[in-house]
Amino acid sequence: HLSVRLATVADYVPTGSRLADIGTDHAYLPVNLAKRGKIVGGVAGEVVKGPFENAQHEIKKEGLDDRITARLANGLRAIEASDHIDTVVIAGMGGTLIAQILTQDFDRLTGVQRLVLQPNVGEKNVRQFLMTHGFQLIAEKIVTEDGHDYEILVADRSATPQQLNEEELRFGPYLLAEHNAIFIAKWQRELARTQQVLAQVQSAKAVPATKVAALETEIKEIEEVLQ
Ligand code: SAM
């Protein structure tokens, strides 16, 4: 049984695909998808030994050794050409790290058509990566779980990826258009947090004007979206 967050990620893994789940931890996602027959097989990649052993254990326990291979490797180095991976999931990390992992060994994405990415923070970095590396955002979701919000970004390889403007990069084109209650609550919280930071900065001595201006711009951008 997957969490709401991972279940939403799973929804965007195409039926019949060969999946690489990078930073898999317990391998819950690939194991669930393989048990349901949604993926044909794939790789569960982990860079840390403990989580890698968790993944190995889970895969073995569920009798999926023949379909899912756990690999101890940094990022996309878990993927080998002979795996014929067509879908990559990276979930539960910061957006900066996700973008770094994807950029570092970009050549390993040859043959990959779909990326399902779930940054915990720093979503903008992920959208920036997609836009500049030949991937087109095709869907975005925002879900709440245990008092946290999570964005799920889905992208397909494209010869003509769309150009996102500053607002779209930050808020997400689909999330902006949908403007649902979770999205609004998230940005209301971000607005309050940024206003608090501005107040603190302004009460300090010798504040750089650029810092204040940047915070003011940020506040204005969020206010515009919430209008
Ligand atoms: N993907 C699972 C999920 O969404 O529930 C687990 C998320 S867990 C918070 C993040 C995992 O990513 C950790 O197990 C960590 O060891 C792994 N990780 C971090 N950097 C990594 C990298 N460069 N390559 C592979 N795994 C990495």
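Residues numbered from 1 in each chain as written. Predicted model: local features only at pLDDT ≥ 70, side-chain atom pairs only at ≥ 80, totals over all residues. Heavy atoms only, no water.

**Notes on the site of the ligand**
Close to the ligand lie 16 residues; R5, G23, E46, N74 and G75 are nearest. Within the backbone of G75, an N or O atom sits 2.8 Å from a nitrogen atom of the ligand. Compared with its free state, where it exposes 600 Å², the ligand has 77% of that area covered by protein. Those elements that place two or more of their residues in the shell around the ligand are helix 1 (4-11), strand 4 (87-93) and helix 4 (95-104). Examining the composition of the shell around the ligand, we find that three residues originate from one element, strand 4, more than from any other. Class assignment for the residues of the shell around the ligand results in nine nonpolar, four polar and three charged. (Near = heavy atom within 4 Å. Polar contact = N/O pair within 3.5 Å; in protein donor to acceptor, adjacent residues only side chain to side chain. Areas by Shrake-Rupley, 256 points an atom, 1.4 Å probe, with all protein chains shown as cover. Helix = DSSP H or I, 4+ residues; strand = E, 2+ residues; numbered from the N terminus. Nonpolar A, V, L, I, M, F, W, Y, C, P; charged D, E, K, R; others polar.)

**Re the packing of aromatic side chains**
Per the stated rule, a full pass over the model turns up three aromatic pairs. Where F106 meets F129, the ring centres are 6.2 Å apart and the plane angle is 70°; that geometry is what we call edge-to-face. Here F129 lies in helix 5 (residues 123-132) and F106 lies in the loop between helix 4 and strand 5 (114-119), a separation of 23 residues in the sequence. What makes F106 partly exposed here is its relative accessible area of 28%. We classify F129 as buried; its relative accessible area is 3%. An aromatic cluster is present here, built from F171, F183 and W187 joined pairwise through their rings. Over the aromatic face of Y150 sits the side chain of R5, whose NZ or CZ is 5.6 Å from the ring centroid. (Phe/Tyr/Trp six-rings, centres within 6.5 Å; stacked < 30°, edge-to-face > 60°. Buried < 20%, exposed > 50% of the residue type's maximum accessible area, 1.4 Å probe, protein only. Lys NZ or Arg CZ within 6 Å of the ring centre and 35° of its normal.)

**Description of the domain arrangement of the protein chain**
Considered domain by domain, the protein chain is made up of domain 1 (4-163) and domain 2 (182-226). Measuring from the centre of the C-alpha atoms in domain 1 to the corresponding centre in domain 2 gives 33 Å. With six residues of domain 1 at the interface, the matching set in domain 2 holds four residues. Surface buried jointly by domain 1 and domain 2 totals about 440 Å² across both partners, of which 50% is contributed by carbon and sulfur atoms. (Domains from an automatic or database assignment. Contact = heavy atoms within 4.5 Å. Buried area = accessible area lost by both parts, 1.4 Å probe.)

**Brief notes about the sheet that holds strand 5**
Across the sheet, which stays open at both edges, the seven strands sit in the order 3-2-1-4-5-7-6 with mixed pairing between neighbours. Of all the strands in the sheet, just strand 3 (68-72) and strand 6 (135-145) have a single pairing partner and so form its edges. This sheet shows a mean twist of 15° between the axes of neighbouring strands, independent of strand direction. Pairing of strand 2 (residues 39-46) with strand 3 involves five bridges; the strand directions are parallel. Note that in strand 3 the partner of E46 across the bridge is L72. The sheet strands contacting helix 4 are strand 1 (17-22), strand 4 and strand 5, and the helix crosses strand 4 at an angle near 150°. (Pairing = 2+ DSSP bridges. Axes fitted to C-alpha atoms, helices over the stretch in contact; angles between N-to-C directions.)

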